[in-house]
Amino acid sequence: MVLVGGPEAVAAGIAALGAQAATHLLDRRDIVDYRRILLTNPDLAGHTVAELGLGDRYGAKATRVRRGDQDLLAHADLLLQLDDRVRVAMPRERTAEVTGFLGDTEAKVSEVSAVSMGLGLAAGFLIGIPKLTIGSTVLSLGTAAGPLVMAMVLGRLRRTGPLVWVLPTRANLTLRQIGLLIFLACVGLPSGYAFRREAFSLFGLKLLAVLVIGAVLSYALMVLVARLLGQSRPRTMGLLAGYVGNPAITAYANSRVSDSRVNTGYATLFALAILVKIVCIQLIVGL
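To keep things clear, this report deals only with the structure shown in the data block.

What counts, and at which threshold
- Along every chain, residues carry numbers that run from 1 in the direction the sequence is written.
- Residues qualify for local features only when their pLDDT is at least 70, as the model is predicted, and side-chain atom pairs are given and counted only at 80 or more; totals for whole chains, interfaces and linings, by contrast, use all residues.
- Side-chain figures throughout are based on the complete set of non-hydrogen atoms in the structure, without hydrogens or water.
- Numbering of helices and strands starts at the N terminus; helices are DSSP runs of H or I of at least 4 residues and strands are runs of E of at least 2.
- With C-alpha atoms as the basis for the radius of gyration, the globule rule is written as 2.2 Å multiplied by the number of residues raised to the power 0.38.
- Only protein chains enter the accessibility calculation, which uses a 1.4 Å probe. A residue is then buried if its area is under 20% of the maximum for its type, exposed if over 50%, and partly exposed in between.
- Working definition of accessibility: Shrake-Rupley area with a 1.4 Å probe, residue cover restricted to the visible protein chains.
- All tallies of charge rest on Lys and Arg as positive and Asp and Glu as negative; His and the ends of each chain are not included.
- Charge placement uses NZ in Lys and CZ in Arg. For Asp and Glu, CG and CD serve respectively.
- Strand pairing follows a simple DSSP-based rule, namely that at least 2 bridges must link the two strands.
- Note on definitions: angles span 0 to 180 degrees between N-to-C directions of axes, and those axes are lines fitted to C-alpha atoms, for helices only across the stretch in contact.
- Contacts between residues were defined by any pair of non-hydrogen atoms, one from each residue, lying within 4.5 Å.
- Any Lys or Arg side-chain nitrogen found within 4 Å of a carboxyl oxygen on Asp or Glu counts as a salt bridge.
- Using protein atoms alone on a 1 Å grid, points that fit a 1.4 Å probe yet trap it form a cavity, whereas open point sets bounded by protein on both sides within 12 Å along at least five of seven lines form a pocket; residues with an atom within 4 Å of a point count as lining.
- Grid points are joined across faces, edges and corners, and a volume is the space filled by probe spheres set on the points.
- Any residue that is not Ala, Val, Leu, Ile, Met, Phe, Trp, Tyr, Cys, Pro, Asp, Glu, Lys or Arg is counted as polar, Gly included; the first ten are nonpolar and the last four charged.
- Only centres within 6.5 Å qualify two rings of Phe, Tyr or Trp (six-membered ring in Trp) as a pair; their planes then separate them into stacked at under 30 degrees, edge-to-face at over 60, and tilted for everything else.
- Two thresholds decide whether a charge sits over a ring: the Lys NZ or Arg CZ must be within 6 Å of the ring centre and within 35 degrees of the ring normal.

Turning our attention to the overall build of the protein chain. When its secondary structure is counted, the protein chain shows eleven helices and eight strands. Compactness check: the protein chain gives a C-alpha radius of gyration of 25 Å against a globular reference of 19 Å for 287 residues, more than 25% above the reference. For the protein chain, the spread of C-alpha atoms along the three principal axes comes to 75 × 40 × 35 Å. Counting only residues that meet the buried cut, the protein chain has 28% of its 287 residues in that class. Accessible area for the protein chain stands at about 18,200 Å²; split by element, carbon and sulfur atoms hold 66% of it. Within the protein chain, one finds 29 positive and 19 negative side-chain charges whose respective centroids are separated by 11 Å.

Moving on to the sheet that holds strand 1 (residues 32–38). To summarise the sheet geometry, strands pair through backbone hydrogen bonds and adopt either a parallel or an antiparallel arrangement. Sheet architecture is open: four strands sit in the order 1-4-2-3, paired in antiparallel fashion. Looking at the sheet topology across the chains shown, the edges are occupied by strand 1 and strand 3 (70–73). Strand after strand, the sheet turns through a mean of 25 degrees between neighbouring axes, direction not considered. Of the strands in this sheet, strand 1 and strand 4 (85–91) touch helix 4 (residues 95–102), which is tilted by about 20 degrees from strand 1.

In this section: the pattern of salt bridges. According to the stated counting rule, one finds eight salt bridges in the structure shown. Across the salt bridge formed by Arg 67 and Asp 84, the nearest N and O atoms sit 2.7 Å from each other. Placement of Arg 67 in strand 2 (residues 61–67) and of Asp 84 in the loop between strand 3 and strand 4 is noted, with a sequence separation of 17 residues between them. Accessibility expressed as a relative area gives 17% for Arg 67, which makes it buried. Residue classification places Asp 84 among the buried positions, given a relative accessible area of 0%. Each of the salt bridges in this network shares a partner with another, and the network as a whole consists of Arg 29, Asp 33 and Arg 92.

Take the layout of surface pockets next. There is about 930 Å³ of room inside the second largest pocket. Per-element tally for the lining of the second largest pocket: the top contributor is strand 4, with four residues. Its residues placed into classes, the lining of the second largest pocket shows 18 nonpolar, seven polar and four charged.

Bringing the packing of aromatic side chains into the picture now. Scanning all chains against the criterion turns up three aromatic pairs. Both rings, one in Tyr 58 and one in Phe 101, keep their centres 5.7 Å apart while their planes meet at 55 degrees; by these two values the pair is tilted. Here the residue Tyr 58 occupies a position in helix 3 (residues 54–58), and Phe 101 occupies one in helix 4, the gap between them amounting to 43 residues. Considered together, Tyr 58 and Phe 101 belong to a single accessibility category, that of buried residues. The ring of Tyr 34 has Arg 29 lying over it, and the distance from NZ or CZ to the ring centre is 4.2 Å.

Structure below.
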């Protein structure tokens, strides 16, 4: 038998079962083979490991799932997405069948479904149209928050019938990087002249002082609360980036630490912070 687990769990298993063998079964691949297979079959995205039915179909077993740089245990309830690399142990003669079933086609990992993206954007724009009038203030999600809210809903659903809403990991990372560069360019180009004109004026210096004091106090409080709640350092970095609402900070944090908790923390606060800011701006304009 091959035991998989933490050091203490494996030691307890050896003590319960007998003694550790001198040879390792993983060194023999004449009967049972194992390999990582790229999940590119869109029919399987959004389903759990149990729903693959590898055991009933091929007498195979998924043991690990590597998503990006993160290794996950392939427990029965784990939801799979396109571009996951699934480690499968299987009878050697059925390797080709399992590989064909999961896909394992490199060309598909960068494909983006135009239908899913188009429908998602259209639905986001539609929910951004309705307006709520409170006195002289008009509130609406608009074309910015509407797609964001719809993306959160569709990301939770993962798939609807034949439509897969979750992007492959590599396509997601590529679009995220391109979006970050476009965002920084769009922010920098129109703000250069205004910054040069106002930054070193008396008003600009007063505003800078207020912003520095506010930022230091609010960011320090944010980090303190995260630490009191027992959050790890990478997750705290992500929470701070999400609190600020700037993807450039997340990109910098990811360049310093290779940890998925940075993105998890960022996603936790980013959407909420954006929605609150959009509502606050409309309230300020109305009042």
